[in-house]
Amino acid sequence: MAVIQMSLDEWASVPDNPRQRNTEKRAKSASSPGKHLETYSKTHDIVTAAVKDGNIICKLDGHTRSYLWQLGKLDGPPSGKVEVKLIDVSSISEAKDLYDQYDSTPSTKKPS
């Protein structure tokens, strides 16, 4: 796994993972008062992308943050850059499966 830096605009130009759905709806919920994307956090500086044959093919996470940064509704990293973890994949199908590691029903926190 390699790590590179990208500007927020460069990150925004990376294609969304085909399994990412309704980013606008997710952004509205995630940026509402008390939610995890209401205000900037250092944890927002790190995102992940799938790479095939040396080329970034899609985001694995960071879709909603990128959308909010582009709209100016969430402060981005002070440096204006994100650290992008690059994970090698053999296919878009594998990238879709990896996306599920970041965003799946079993991975979300539920109140007990």
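Look a little higher up for the structure.
Residues numbered from 1 in each chain as written. Predicted model: local features only at pLDDT ≥ 70, side-chain atom pairs only at ≥ 80, totals over all residues. Heavy atoms only, no water.

**Q** Is there a simple way to think about the pairing of strand β2 (residues 46-52) in this case?
**A** Along any regular strand, the residues point their side chains to alternate faces of the sheet. Of all 7 residues making up β2, 5 are buried, and the element is well covered by its neighbours. Across 6 bridges, β2 lies against strand β4 (residues 81-88) in parallel orientation. Along β4, the bridge assignment pairs A50 with I87. Pairing analysis gives 5 bridges linking β2 to strand β3 (residues 55-61), with the strands arranged antiparallel. Note that in β3 the partner of K52 across the bridge is N55. Adjacent in sequence and paired antiparallel, β2 and β3 are bridged by 2 residues, among which D53 carries a positive phi angle near 50°. (Buried < 20%, exposed > 50% of the residue type's maximum accessible area, 1.4 Å probe, protein only. Helix = DSSP H or I, 4+ residues; strand = E, 2+ residues; numbered from the N terminus. Pairing = 2+ DSSP bridges.)

**Q** Explain the pattern of salt bridges here, please?
**A** Between side chains of opposite charge, pairing is possible as soon as their charged atoms come close. What the rule picks out here adds up to 5 salt bridges. D100 is paired through a salt bridge with R19; the nearest N and O atoms lie 2.5 Å apart. With D100 in helix α4 (residues 92-102) and R19 in the loop between α1 (8-13) and α2 (23-30), this pair connects stretches of sequence that are 81 residues apart. By relative accessible area, D100 is classed as partly exposed at 29%. R19 sits in the partly exposed class, given a relative accessible area of 31%. Of the charged contacts in the structure, one is a salt bridge between K52 and D53, with a shortest N-O distance of 3.1 Å. Owing to a relative accessible area of 28%, K52 belongs among the partly exposed residues under this scheme. Judged by its relative accessible area of 67%, D53 is exposed. Each of R19, D97 and D100 takes part in salt bridges that share partners, so that together they form one network. (Salt bridge = Lys/Arg side-chain N within 4 Å of Asp/Glu carboxyl O.)

**Q** Would you explain the packing of aromatic side chains in this entry?
**A** Any pair of aromatic rings gets described here by the distance separating the centres and the angle formed by the planes. Under the definition given, this model contains 0 aromatic pairs. Across the ring face of W11, the terminal group of K59 is positioned such that the distance to the ring centre comes to 5.3 Å. (Phe/Tyr/Trp six-rings, centres within 6.5 Å; stacked < 30°, edge-to-face > 60°. Lys NZ or Arg CZ within 6 Å of the ring centre and 35° of its normal.)

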